[in-house]
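# Structural characterization, general
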Amino acid sequence: MAIVTLDNVKKIYPLGKTEVEAVRGVSFSVEEGDFISIAGPSGSGKTTILNLIGCIDTPTEGTVVVDEVNTGELNDKEITNLRHRTIGFIFQSFNLIPVLNVEENIEFPLLLGKDRISKKEKSEWLGFLIDEVGLTEQKNHRANELSGGQRQRVAIARALVTKPRIVLADEPTANLDSKTGESIIELMKKINREQKTTFIFSTHDPAIMKIADHIIFLHDGLIESEERRERENAGSP
Ligand SMILES: Nc1ncnc2c1ncn2[C@@H]1O[C@H](COP(=O)(O)OP(=O)(O)O)[C@@H](O)[C@H]1O
Ligand SMILES: [Mg+2]
């Protein structure tokens, strides 16, 4: 079943007296459990598309359907709810709170929502996530004491803490060296396999995009091609 569908989406930004057509008529679907890359050079429209899916922005034309809801028909409160319930975000610049430790950074989104969760459940869930991203030994370290790769691992766990169905990651490896970047995408892929969370990440890096099961190649705001491959090990533990 499709969890995200874009239908003939256009996004035009005003720019002084002219305008920029960032996305010029894009249609594609993301299946639940997909591990998909929005790939393309700088300026091709990747961030714009992720912002439209994440309800950070609205299309000029066309529709964006997320989890069976047409996002263009939601009011601000419904958008906030959809974003909190359904979507987790990972950013290229990690966006952690430097003085909070690993565990506190991961817990942070729970403080913003109305999730009812007991102290015990919360501490077990945080412990599970910290272990999942391989940071148990660093769990009391402050974010500003971590390496770039460790920071992005914290950001992955933070994105997962509200149990979203979709995780959006805009160039999550752009500030990492290539080996660390690949290990971050492999970690996302492992979580995708284990938890069935849908991941949508953008990249301009061919070594990173090829880790995806499904690649949408963008060029100048249009889909140039789309590639799907058989999932290796699909269904195995
Ligand atoms: N807020 C904005 N205002 C004006 N132009 C923008 C804005 N955001 C993006 N653009 C333009 O839209 C195009 C696509 O941008 P973007 O989605 O950021 O591409 P990518 O993430 O692939 O680098 C670029 O030409 C960019 O300059
Ligand atoms: Mg971008």
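Our subject is the structure that appears above.
In this text, all values refer to a predicted model and were calculated from it rather than measured experimentally.

Right, let's talk about the pairing of strand β9 (residues 214-219) for a bit. Strand direction decides the pairing type here: strand β3 (residues 35-39) and β9, joined by four bridges, are parallel. In the sheet register, Ser37 faces β9, and the bridge partner there is Ile215. Sheet topology note: the β9/strand β10 (residues 222-228) ladder contains six bridges and is antiparallel. Counterpart to His219 in the pairing with β10 is Leu222. Hairpin connection, β9 to β10: the antiparallel pair is bridged by two residues, and Asp220 has positive phi, about 50°.

This part covers helix α6 (residues 178-195). Each full turn of the α-helix corresponds to 3.6 residues, which orients residues three or four apart in the same direction. Relative to the 26 Å expected for 18 residues at 1.5 Å per residue, α6 spans 26 Å between its end C-alpha atoms, a close match to the ideal helical length. For α6, the full list of buried residues reads Gly181, Ile184, Ile185, Leu187, Met188, Lys189, Ile191, Asn192 and Arg193. Two to three positions downstream of the cap, the backbone nitrogen of Lys179 sits 3.1 Å from a side-chain oxygen, assigning the N-cap of α6 to Asp177. Lys196 sits one or two positions beyond α6 and adopts a positive phi of about 65°.

Between two packed helices, what matters for the description is the angle formed by their axes and the separation of those axes. Put simply, helix α5 (residues 148-160) and α6 touch, their axes get as near as 10 Å, and they point 20° apart. On the basis of their axis angle, the class for α5 and α6 is roughly parallel. The two elements α5 and α6 cross, and the hand of that crossing is right-handed. Contact residues: α5 offers Gly149, Gln152, Arg153, Ile156 and Leu160, while α6 offers Thr180, Ser183, Ile184, Leu187, Met188 and Ile191. Looking at the contact of α5 with α6, its residues break down into six nonpolar, four polar and one charged.

Inspection of the secondary structure assignment puts Ile191 in helix α6. The class for Ile191 is buried, based on a relative accessible area of 0%. Not counting chain neighbours up to four residues away, the residues in contact with Ile191 comprise Glu132, Ile156, Leu160, Lys196, Thr197 and Phe199.

With that settled, the discussion passes to the environment of Asp170. Note that Asp170 resides in strand β7 (residues 166-170). For Asp170, a relative accessible area of 18% puts it in the buried group. In this structure, the C-alpha to C-alpha distance between Asp170 and Phe94, residues 76 residues apart in sequence, is 10 Å. For Asp170, the contacting residues outside a window of four places in its chain are Thr47, Leu50, Ile90, Phe91, Gln92 and Ser202.

To continue, consider the sheet that holds strand β4 (residues 61-66). Strands sit in the order β2-β1-β4-β5 across an open sheet of four strands; the sheet is antiparallel. On the outer flanks of this sheet lie β2 (18-31) and β5 (69-70), each paired with one strand and no other. With five bridges joining them, strand β1 (residues 2-15) and β4 adopt antiparallel strand pairing. Bridge assignment links Val4 to a residue of β4, and that residue is Val66. Contacting β1, β2 and β4, helix α1 (residues 46-53) crosses the sheet at an angle of about 120° to β1.

Every residue near ligand 1 is listed here: Tyr13, Val20, Ala22, Pro41, Ser42, Gly43, Ser44, Gly45, Lys46, Thr47 and Thr48. Contact between ligand 1 and Lys46: an oxygen atom at 2.8 Å from a side-chain N or O atom of the residue. In the environment of ligand 1, an oxygen atom lies 2.5 Å from a nitrogen or oxygen atom belonging to the side chain of Thr48. A total of 560 Å² of accessible area belongs to ligand 1 in isolation, and the protein chains cover 63% of it. When residues of the shell around ligand 1 are traced back to their parent elements, those giving at least two are β2 and α1. For the shell around ligand 1, the element with the most residues is α1, which contributes three residues. Of the residues belonging to the shell around ligand 1, the class tally is four nonpolar, six polar and one charged.

Turning our attention to the pattern of salt bridges. A full pass over the atoms with the stated rule returns 10 salt bridges. When the shortest N-O distance is used, the salt bridge between Arg165 and Asp67 registers 2.5 Å. One end of the pair, Arg165, is in the loop between α5 and β7; the other, Asp67, is in the loop between β4 and β5, and 98 residues separate them in sequence. For Asp213, the salt bridge identified is with Arg193, shortest N-O distance 3.2 Å.

Scoring rules and cut-offs
- Residue indices begin from 1 for each chain and proceed along its sequence in written order.
- To read the labels, note that chains go from A and ligands from 1, taken in the order they are written.
- With the structure being a predicted model, the display of local features is reserved for residues of pLDDT at least 70 and the display and counting of side-chain atom pairs for 80 or more, all residues being used for whole-chain, interface and lining totals.
- Side-chain metrics rest on all non-hydrogen atoms present in the structure, leaving aside hydrogens and water.
- A pair of strands is considered paired only if DSSP assigns at least 2 bridges between the two.
- Numbering of helices and strands runs from the N terminus; a helix is a DSSP stretch of H or I covering at least four residues, while a strand is a stretch of E covering at least two.
- To estimate the expected span of a helix, count its residues, drop one, and scale the result by 1.5 Å.
- Buried means the residue's accessible area, taken with a 1.4 Å probe over protein chains only, is under 20% of the maximum for its type, while exposed means over 50%, and partly exposed covers the values in between.
- Any pair of nitrogen or oxygen atoms within 3.5 Å is treated as a polar contact; in protein, a donor-acceptor pairing is required on top of that, and neighbouring residues in sequence qualify only through side-chain atoms on both sides.
- Convention adopted: a line fitted to C-alpha atoms gives each axis, helices being fitted over their contacting stretch, and angles between N-to-C directions are expressed from 0 to 180 degrees.
- Each angle gets one of four labels, with under 35 degrees taken as roughly parallel, over 145 as roughly antiparallel, 65 to 115 as roughly perpendicular, and the rest as oblique.
- The crossing is said to be left-handed when, going from far helix to near helix, the turn is anticlockwise and less than a right angle, and right-handed when the turn is clockwise.
- Contact between two residues is taken to exist if any of their heavy atoms lie within 4.5 Å; hydrogens are not considered.
- Each residue receives one of three labels: charged for Asp, Glu, Lys and Arg, nonpolar for Ala, Val, Leu, Ile, Met, Phe, Trp, Tyr, Cys and Pro, and polar for the others, Gly being one of them.
- To be near a molecule or strand, a residue needs just one of its heavy atoms within 4 Å of it.
- The accessible surface values rely on the Shrake-Rupley method and a 1.4 Å probe; as for residues, cover is taken only from the protein chains in view.
- A carboxyl oxygen of Asp or Glu within 4 Å of a side-chain nitrogen of Lys or Arg is what we treat as a salt bridge.

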